[in-house]
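Coordinate analysis (summary)
One letter stands for each residue in the lines below.
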Amino acid sequence: MFTKVLVANRGEIAVRVIRALEEMGIESVAIYSDADRTARHVRFADEAYRIGPPLPAKSYLCIDAIVELARKVGAEAIHPGYGFLAENANFARACEEAGVVFIGPDSRTIALVGDKMEARKTMVAAGIPVVPGGDRPLSSAEEIVAEAERIGFPVMMKAAAGGGGKGMRIVRDVSGLAAAAKAARSEAGSAFADDRIYLEKLIENPRHVEFQIMADSHGHVVHLGERECSIQRRHQKLVEESPSVALTPSLRAKMGEAAVAAARASAYTNAGTVEFLLDKNREFYFLEINARLQVEHPVTELVTGIDLVREQLRVASGEKLSFTQLDVVNRGAAIECRICAEDPENNFFPSTGVVERMREPGGPGVRVDSCIFMGYDVPIYYDPLISKLLTWGKTREEAIERMQRALSEYIIEGIKTTIPFHKAVMESDAFREGEFDTGFVDEVFFPNYAGRTPSAPEIAAIAAALIADSERAQHKRECADGSGGSGRSGWKHPPGTATWGGWQLHQK
Ligand code: MV4
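As a starting point, this report considers the structure included with it. (Residues numbered from 1 in each chain as written. Predicted model: local features only at pLDDT ≥ 70, side-chain atom pairs only at ≥ 80, totals over all residues. Heavy atoms only, no water.)

In the segment running from Phe 153 into Pro 154, the intervening peptide bond is cis, with an omega of -5 degrees. Looking at the secondary structure, you find Pro 154 in the loop between helix H7 (141-151) and strand E6 (155-159). Backbone geometry places Asn 205, a non-glycine residue, at a positive phi of 45 degrees. As for its position among the elements, Asn 205 is in the loop between strand E8 (197-201) and strand E9 (207-215). Even without being glycine, Arg 282 reaches a positive phi, approximately 60 degrees. Tracing the chain through its elements places Arg 282 in the loop between strand E12 (270-278) and strand E13 (284-290). (Helix = DSSP H or I, 4+ residues; strand = E, 2+ residues; numbered from the N terminus.)

Right, dumping it as structure tokens:
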């Protein structure tokens with residue numbers, strides 16, 4: 001097993017990984033940007049090193065600096081968390097070439113599953129159901145029309161390099177094809193530097209059900225059951241749960257088998273997720289493989305009792321999985337609510353600032369994975385997810401009741417959060433009855449929010465004002481704590497006596 005691991009991430013997921021390292025007696029190395037000097041993951045780690053300025057491109061995305069740091073401090077492996085470099089095949093390759101273990105699948109598998117068309121081809125060959133269509137990248141207008149007519153309208157136009165709904169367009173008849181192709185191509189080109197597009201049959205109002213998989217380097221592949229992730233808004237998941245009310249035991253077994261086959265077909269190792277769409281007739285279709293530990297992994301940990309990060313570390317170090325498929329017993333029900341620094345009353349607009357006061361929930365069946373504390377200044381540069389609130393119950397009803405209790409205990413003052421939104425979801429009849437699909441939030445729950453999206457210039461202006469504010473606050477803080485501010489150079493651990501606004505911050 002490793003003796004020292006670098007965590008190439010920030011926020012709650014960095015804290016989560018450091019906790020597993022601590023339990024396993026492995027030394028942890030954190031990295032941080034100037035915006036995260038006093039962040040919780042920095043305080044939790046055994047060592048912490050500054051990487052660069054706040055912008056991710058200058059800090060958490062700096063492949064060479066991060067790999068170089070791992071070598072310099074003697075970390076044998078790097079855990080990428082999710083986001084940032086987690087599914088970057090170049091980063092995995094840079095680790096492989098530097099002799100540092102990347103805790104995830106190998107770079108070729110990451111590249112394969114990152115290309116949606118290649119992944120589809122692989123799954124078709126392995127006999128796994130995929131959405132009809134999508135056999136070739138499309139170029140000419142005639143080709144697009146012919147392919148759409150072959151598949152049959154309505155169709156979904158997608159980017160081969162896609163993900164997160166970028167470059168995706170629904171087209172209901174021939175007249176919409178040209179405009180959709182133009183838009184999808186330009187969106188995909190600027191987002192992924194790859195403008196290949198293809199067509200699939202549209203699955204109307206699908207549910208999104210994903211399976212957790214784990215694979216070691218000894219040929220063992222297991223699945224740990226599903227997570228229902230249909231409660232989402234604009235491709236951002238908001239609530240996840242397991243089990244899915246839409247699955248019967250036999251459908252679960254079939255989909256689990258398909259998930260394991262998908263992992264085998266892509267030579268998958270480590271933790272991953274196989275995403276499926278489920279249509280109205282409960283037919284399932286492979287969508288994609290996410291080559292990372294996901295935000296919602298604790299849902300699976302609560303129903304299986306398996307520590308996924310510990311297993312990731314085991315298999316990355318060459319050990320076998322500590323359990324077999326027969327050992328996986330899913331018990332009870334778990335729900336996760338993503339607590340984001342966003343204003344649900346104002347179209348989920350990002351909310352930044354200082355957590356003036358807070359109280360965290362606890363008690364039976366409650367888990368909080370969070371990175372905030374009193375006095376924490378939520379930076380604008382990163383993902384708004386600040387905390388994940390999970391509950392477990394013997395039944396789904398019990399998990400919901402506990403979630404309502406935990407949400408009512410949770411107090412965060414000074415910033416807006418999605419807590420009120422979650423309270424409303426937990427109360428809604430559709431959610432309680434399990435009657436929902438991926439259209440729930442936009443079409444059923446908050447239909448009147450759809451028309452209130454701020455325009456791009458409006459967002460830019462507000463973001464600029466927030467950045468200016470945050471930089472002023474950063475300056476004030478540095479004058480107050482006497483640390484000398486961002487002029488500090490090199491790989492330095494922040495001082496153990498840092499204060500903010502008179503609060504002594506916790507440090508190990
Ligand atoms: C689809 C689909 C319907 N039909 N493909 C959205 C993200 C991307 N990874 C795939 N997505 C979808 N692909 C076909 N052929 C509907 C979605 C979709 C969706 C999928 C999962 C979770 C939430 C979603 C919300 C809207 C649309």
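Further remarks concern the site of the ligand. Taken together, 17 residues form the shell around the ligand, and within it Lys 158, Glu 200, Lys 201, Ile 203 and Glu 288 come nearest. At 2.9 Å from a nitrogen atom of the ligand is found a side-chain nitrogen or oxygen belonging to Lys 158. At a separation of 2.8 Å, a nitrogen atom of the ligand approaches a polar side-chain atom of Glu 288. Summarising the interface, the protein chains cover 88% of the accessible area of the ligand, which totals 520 Å² for the free molecule. Looking at the shell around the ligand residue by residue, the class counts come to eight nonpolar, five polar and four charged. (Near = heavy atom within 4 Å. Polar contact = N/O pair within 3.5 Å; in protein donor to acceptor, adjacent residues only side chain to side chain. Areas by Shrake-Rupley, 256 points an atom, 1.4 Å probe, with all protein chains shown as cover. Nonpolar A, V, L, I, M, F, W, Y, C, P; charged D, E, K, R; others polar.)

With that settled, consider the pattern of salt bridges. Applying the stated criterion across every chain yields a total of 39 salt bridges. A salt bridge links Arg 292 to Glu 87, with the shortest nitrogen-to-oxygen separation between them at 2.5 Å. A residue pair is termed long-range when its members are at least 10 positions apart, and Arg 292 in the loop between E13 and helix H10 (297-304) and Glu 87 in the loop between strand E4 (77-79) and helix H4 (89-98) qualify at 205 residues. A salt bridge links Glu 336 to Arg 338; the nearest nitrogen and oxygen atoms lie 4.0 Å apart. Of the two residues, Glu 336 and Arg 338, both sit in the buried class. (Salt bridge = Lys/Arg side-chain N within 4 Å of Asp/Glu carboxyl O. Buried < 20%, exposed > 50% of the residue type's maximum accessible area, 1.4 Å probe, protein only.)

Here the focus is the pairing of strand E21 (residues 385-393). Within E21, nine of the nine residues are buried, which leaves it mostly tucked inside the rest of the structure. Relative to E21, strand E19 (residues 366-370) runs antiparallel, the two being bridged by five bridges. Paired with Ser 370 across the strands is Ser 387, a residue of E21. (Pairing = 2+ DSSP bridges.)

For the rest of this paragraph, the subject is the packing of aromatic side chains. Scanning all chains against the criterion turns up 13 aromatic pairs. Centre to centre, the rings of Tyr 381 and Tyr 382 are 6.0 Å apart; their planes meet at 55 degrees, and the pair counts as tilted. We classify Tyr 381 as buried; its relative accessible area is 17%. Residue Tyr 382 is classed as buried on the basis of its relative accessible area of 9%. Connected via pairs of aromatic rings, a cluster forms that spans Phe 348, Phe 421, Phe 431, Phe 436, Phe 440 and Phe 445. Between Arg 207 and the ring centre of Phe 436, over which it is positioned, the NZ or CZ distance is 4.7 Å. (Phe/Tyr/Trp six-rings, centres within 6.5 Å; stacked < 30°, edge-to-face > 60°. Lys NZ or Arg CZ within 6 Å of the ring centre and 35° of its normal.)

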